[in-house]
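This is what each chain is made of:
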Amino acid sequence: MFADKDVLTITDFSREALERLFEETDVILNALTSGKKLDALNGYIMATAFFEPSTRTKMSFQTAMLRLGGACVDLPPEEISSRAKGESLADTIRMLDSYADVIVIRHRLEGAAKFAAEIAEHPVINGGDGTRDHPTQTMIDLYTIKRAHGSIDGLTVGVLGDLKYGRAARSFILGLSIFKPKKIYLISPPQLSCRPEVLHFLEEKGICYEEASTVTKVLPELDVLYVTRIQRERFPDPVEYEKVRGSYVVNELLLKSAKENLAVLHPLPRVDELAYSLDQTSHAWYFKQAYFGVPVRMALLKLILKG
Amino acid sequence: MEKELKVSKIRNGTVIDHIDAGRALHVLNILGLNGSEGLTIAVVMNVPSSKLGRKDIVKIEGVELRQDQVSKIALIAPSATINIIKDYEVAEKVKVRVPPVIEGLLKCANPNCITNQPREPVKPRFIVRSLRPLRMFCSFCGVELSQEDVIQQLTKGG
Ligand SMILES: [Zn+2]
């Protein structure tokens, strides 16, 4: 199901594959928490090529590889800047492919990971490209929901924030459609609403969804609230940004009307869309979600490299 | 069909039949013809058709189409048939075909797509999802290319 497979977009994975990944993650988490040393990937090398700055995703992949006894090589910033002077992505990928057993790439351009996968003989993992895909983040998000609620089926899920340009949100919405949620609320300012192609996809999959411009009204129905950042740069007019940002802040006051077991997720880092006062509540699943980043990626690397 | 018969037959050349109504001029544009070449060209537009409701027909004296031209015509007139005429007779009849994957003919509409990077050795590639309406998606970034985009790209500069 995973052996030698590229990880480019979440919809390339079936429900069965994701469930297999979650099982493997459970096993790895148990080993990690009991302090057991793992060495399944001893002798394997992972190359990371992050053409866009990222701390969490890159470190999480590197930690995952090291925790399984593998080794990492990283394309250094000088190399990334030298590429700006002329070397093509294709040539860089060929070089990494000759060094490593698996390549993780993050790139500003859409389709970069797919392109890399066509060049490389070794499997390529998309660590985020452009405004579209971030499949490993979605795997972590779905695993977190499964831990919070036992299942993804039958849940009402709200996705809040920049649904147009935010790749974590877009990827998450597509990922939900692999399961059978009861309903998805797509909550965003109108200028950042979900793209038509994603809505078509949900329709084709028979997923019940509704677009909403505020979270207040739908909140009492939600089992999961997935919060993402609204970036100031998306608004040509700063006044417009100041007007909308307040309506998308999730705080304790807002959560007064929430179900007791509402799980709040966030791909992090956050700015001010998620109040610190939530951190101590039982709704706060985002730190666990961040914690699951390493074990889910460990499970993924192991399944890809060892089958 | 009677209206069609009013247009005189050609001796040697090509008849493109079953073009979507209103797109005959796009077909001429794709072929790089505007009348100044001196060729005998007949354009029949919006005639009744049992298959399409209405259709356009183009007849060109003395010209045979190249394969790349046929591929392009397929993208704007997916039901078209191409008749090669020799001595007033149909010597060969080919139905155009839109392949499931289109490589190299069209550009992705997404400026942030990897296929729009001049330095990268990559040919744009589209996966055709449906013919009527024509829907295709970039194989790399997933962005849809509409029928209007396709017509615009294929006829630009005409
Ligand atoms: Zn594209």
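Residues numbered from 1 in each chain as written. Chains lettered and ligands numbered in written order. Predicted model: local features only at pLDDT ≥ 70, side-chain atom pairs only at ≥ 80, totals over all residues. Heavy atoms only, no water.

## A word on the interface of chain B and chain A
Taken residue by residue, the interface counts 17 residues in chain B and 18 residues in chain A. For the pairing of chain B and chain A, the buried interface totals around 1400 Å² over both sides, and the portion due to carbon and sulfur atoms is 47%. We note a salt bridge from E118 of chain A to R125 of chain B, for which the minimum N-O separation is 2.8 Å. Our count for the chain B to chain A interface comes out at seven residue pairs in polar contact (both at pLDDT 80 or more). When the residues that make up the side of chain B that touches chain A are grouped by side-chain class, the tally is seven nonpolar, five polar and five charged. (Contact = heavy atoms within 4.5 Å. Buried area = accessible area lost by both parts, 1.4 Å probe. Salt bridge = Lys/Arg side-chain N within 4 Å of Asp/Glu carboxyl O. Polar contact = N/O pair within 3.5 Å; in protein donor to acceptor, adjacent residues only side chain to side chain. Nonpolar A, V, L, I, M, F, W, Y, C, P; charged D, E, K, R; others polar.)

## Observations regarding the packing of helix α4 (residues 89–99) of chain A against helix α5 (residues 112–119) of chain A
Residues and elements named next belong to chain A. The N-to-C vectors of α4 and α5 enclose an angle of 55°; their axes lie 9 Å apart at closest approach. With respect to their mutual orientation, α4 and α5 come out oblique. Considering how the two elements wind past one another, α4 and α5 form a crossing that is right-handed. Residues L89, A90, I93, R94 and D97 of α4 lie in contact with α5, whose contacting residues are A112, F115, A116 and I119. Split by residue class, the contact of α4 with α5 holds seven nonpolar, no polar and two charged. (Axes fitted to C-alpha atoms, helices over the stretch in contact; angles between N-to-C directions. Helix = DSSP H or I, 4+ residues; strand = E, 2+ residues; numbered from the N terminus. Parallel < 35°, antiparallel > 145°, perpendicular 65-115°, else oblique. Left-handed = near helix turned anticlockwise from the far one by under 90°.)

## Details of the domain arrangement of chain A
Frequently, the measure chosen for interface size is the accessible area removed from exposure when the parts meet. Residues and elements named next belong to chain A. As assigned here, chain A comprises domain 1 (10–133 + 292–306) and domain 2 (135–290). When domain 1 packs against domain 2, close to 2700 Å² is buried across both sides, 63% of that on carbon and sulfur atoms. Put simply, domain 1 and domain 2 have five salt bridges between them. Between R147 and D26 there is a salt bridge, with the nearest N and O atoms lying 3.7 Å from each other. Inspection of the region where domain 1 meets domain 2 yields 13 residue pairs in polar contact (both at pLDDT 80 or more). If you list the elements that add at least two residues to the side of domain 1 that touches domain 2, you get α1 (15–33), α2 (56–67), β3 (102–107), β4 (124–129) and α11 (286–306). Top element by residues in the side of domain 1 that touches domain 2 is α1. It accounts for eight residues. Within the side of domain 1 that touches domain 2, the residues separate by chemical class into twelve nonpolar, nine polar and ten charged. (Domains from an automatic or database assignment.)

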